[in-house]
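Below, each chain spelled out in residue letters.
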Amino acid sequence: MASKHTIATRHAQGIRARFASRFLRSLLRVRRSSNRFGGSQSNDEGIGKRIRTDRIKIAAYAAMARAVGPRRTWSRALLFKLRNRARIHGVSRKRCLVSEKKRVTRNKVVAISREPSRADTLRKLVPGGDSMDTCVLLEETAHYIKCLATQVTVMQSIADRLLL
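This write-up is about the structure you can find in this document. (Residues numbered from 1 in each chain as written. Predicted model: local features only at pLDDT ≥ 70, side-chain atom pairs only at ≥ 80, totals over all residues. Heavy atoms only, no water.)

**A look at the packing of aromatic side chains**
What counts is decided by this rule: Aromatic contacts are taken between Phe, Tyr and Trp rings whose centres are within 6.5 Å, Trp giving its six-membered ring; a plane angle under 30 degrees counts as stacked, one over 60 as edge-to-face, and the others as tilted. Under the DSSP-based scheme used, a helix requires at least four consecutive residues in state H or I and a strand at least two consecutive residues in state E, with every element numbered from the N terminus. For every residue, the accessible area (1.4 Å probe, protein chains only) is compared with the maximum for its type, and the residue is labelled buried under 20%, exposed over 50%, or partly exposed between those bounds.
Inspection of every chain in the model, using the stated rule, returns two aromatic pairs. Aromatic side chains Phe-19 and Phe-23 sit 5.4 Å apart centroid to centroid with 10° between the ring planes, which places their arrangement in the stacked category. Within this pair, Phe-19 and its partner Phe-23 are both found in helix α1 (residues 4-36), separated by four residues, close to a single helical turn. You can call Phe-19 buried: its relative accessible area is 1%. Residue Phe-23 is classed as buried on the basis of its relative accessible area of 2%.

**Structural notes on the side chain of Glu-140**
The criterion, for reference: Two residues qualify as a contact provided that any one of their heavy atoms is within 4.5 Å of a heavy atom in the partner residue.
Within the element layout of this structure, Glu-140 appears in helix α6 (residues 134-163). Residue classification places Glu-140 among the buried positions, given a relative accessible area of 6%. In this structure, Glu-140 is in contact with Arg-72, Thr-73, Trp-74 and Met-132, ignoring residues within four places of it in sequence.

**Some details on a positive patch on the surface**
As a reminder of what qualifies: To count toward a patch, a residue needs a relative accessible area over 30% and no salt bridge; like charges are then connected within 9 Å, while nonpolar side chains (Val, Leu, Ile, Met, Phe, Trp, Tyr) are connected within 5 Å. Only the protein chains shown count as cover for residues, and all accessible areas are computed by the Shrake-Rupley method using a 1.4 Å probe. Salt bridges are defined by distance alone: a side-chain nitrogen of Lys or Arg within 4 Å of a carboxyl oxygen of Asp or Glu. Only four residue types enter the charge count, namely Lys and Arg as positive and Asp and Glu as negative; His and the chain termini do not. By convention, charge coordinates are those of NZ in Lys, CZ in Arg, CG in Asp, or CD in Glu.
Together, Arg-25, Arg-29, Arg-32, Arg-66 and Arg-83 line one region of the surface with positive charge. When residues in the positive patch are grouped by element, the largest group, three residues, is from α1. Mapping Arg-29 onto the fold places it in helix α1.

**Focus on the pattern of salt bridges**
What the rule picks out here adds up to three salt bridges. With a shortest N-O distance of 3.7 Å, Arg-50 and Asp-54 are connected by a salt bridge. Here the residue Arg-50 and the residue Asp-54 both occupy positions in helix α2 (residues 45-68), the gap between them amounting to four residues, near one helical turn. Note that Arg-123 is salt-bridged to Asp-120, the shortest N-O span being 3.5 Å. A residue pair is termed a helical-turn pair when its members lie 3 or 4 positions apart in one helix, as Arg-123 and Asp-120 do in helix α5 (residues 118-125) at three residues. Relative accessible area serves as the criterion here: at 18%, Arg-123 is assigned to the buried category. Relative accessible area serves as the criterion here: at 21%, Asp-120 is assigned to the partly exposed category.

**Describing the environment of Asp-130**
Relative to the helices and strands, Asp-130 resides in the loop between α5 and α6. Looking at Asp-130, the relative accessible area reads 53%, which means it is exposed.

**Description of the packing of α5 against α6**
Quick reminder of the rule: Structural elements are reduced to axes, namely lines fitted to C-alpha atoms, with helices fitted over the stretch in contact, and the angle between N-to-C directions of any two is expressed from 0 to 180 degrees. By definition in this entry, angles of less than 35 degrees are roughly parallel, angles greater than 145 are roughly antiparallel, angles of 65 to 115 are roughly perpendicular, and the rest are oblique. Each helix crossing is assigned a hand: it is left-handed if the near helix lies turned anticlockwise from the far helix by less than a right angle, otherwise right-handed if that turn is clockwise. Any residue that is not Ala, Val, Leu, Ile, Met, Phe, Trp, Tyr, Cys, Pro, Asp, Glu, Lys or Arg is counted as polar, Gly included; the first ten are nonpolar and the last four charged.
The contact between α5 and α6 brings their axes to 11 Å, and the two run at 45°. Relative to α6, the element α5 lies oblique. Crossing angle aside, the handedness with which α5 passes α6 is left-handed. Between α5 and α6, the contacting residues are Ala-119, Leu-122, Arg-123 and Leu-125 on the first element and Thr-134, Leu-137, Leu-138, Thr-141 and Tyr-144 on the second. The class makeup of the residues in the contact of α5 with α6 is six nonpolar, two polar and one charged.

**A few points about the nonpolar core**
Selection rule: As used here, the term nonpolar core means buried Ala, Val, Leu, Ile, Met, Phe, Trp, Tyr and Cys residues forming a set that is joined through side-chain atoms within 4.5 Å.
Phe-19, Phe-23, Met-64, Trp-74 and Val-126 are the most contacted members of the largest nonpolar core, which has 20 residues in total. Listed by contribution, the elements that provide at least two residues to this core are α1, α2, α3 (73-83) and α6. Here this core gets seven residues from one element, more than from any other, and that element is α2. When neighbours within four sequence positions are excluded, Phe-23 is seen to be in contact with Ile-56, Ala-59, Ala-60, Ala-63, Met-155 and Ile-158.

This is the structure:
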């Protein structure tokens, strides 16, 4: 019978392999689309580089969320966000870091601000975190961090192989 560590290691290697293959396919699509639309020969090199960078970042997040699948709340939230990205088309909601309550005192309206707790800050960092309770938030955060670490190692190995 395999130990929990062995099973977890196999699972992490499976996610790593799925992420790598999906990310490489996405990178090929980004490369083809940039070649099709003029690539790096655009008049404004900074804008073309930024668009390419954004596409690579989106490809990495999409590959990571698809590698994990819909089992995790953060991956479902990330896939939903990416799916609806075309509809929103770059318009983002601005969130206030400090929530405000208004209190009425004898014809005066006074705004009371409170500092966000660590859990509130964590909810803003983890995709889909605003709908989680604290226990689930911590579990999802741990899994999200593991997947981000996997993403970094895969991208680093791709970059190392390109430099050789």
